Amino acid sequence: MMDVKRIRETINQAVERYLLGEYDFDKAFSSTWLTAQLSFACTIGAITFEECDALRLVIYNVRMTDRRDSECVDFPRLS
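Residues numbered from 1 in each chain as written. Predicted model: local features only at pLDDT ≥ 70, side-chain atom pairs only at ≥ 80, totals over all residues. Heavy atoms only, no water.

## Comments concerning the side chain of N12
Following the sequence through the fold, N12 ends up in helix α1 (residues 4-20). On the accessibility criterion, N12 (10% relative accessible area) is buried. (Helix = DSSP H or I, 4+ residues; strand = E, 2+ residues; numbered from the N terminus. Buried < 20%, exposed > 50% of the residue type's maximum accessible area, 1.4 Å probe, protein only.)

Here is the structure:
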């Protein structure tokens, strides 16, 4: 049985750490990996498509601007 609340909290933490650049040393933790996790969470019904799309957009914008800092952490968090 999946714990949707826990999945949503984990996604919030992962996106925040990505936006802060805490995983720059780990190439496995990339924007591609993170968007795949969002897609999986959407597929299993832990997040809605709209939430998935909003977080993907945040990740895409950070990747394209290559700007990671505390100002980027203002993103639509999952409740």
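## Notes on the pattern of salt bridges
One pass over the structure, following the stated rule, counts one salt bridge. Here R8 and E51 are joined by a salt bridge, their closest N and O atoms 2.7 Å apart. Here R8 is found in helix α1, whereas its partner E51 is found in helix α3 (residues 49-65), with 43 residues between them in sequence. Under the relative-accessibility criterion, R8 is labelled buried at 11%. (Salt bridge = Lys/Arg side-chain N within 4 Å of Asp/Glu carboxyl O.)

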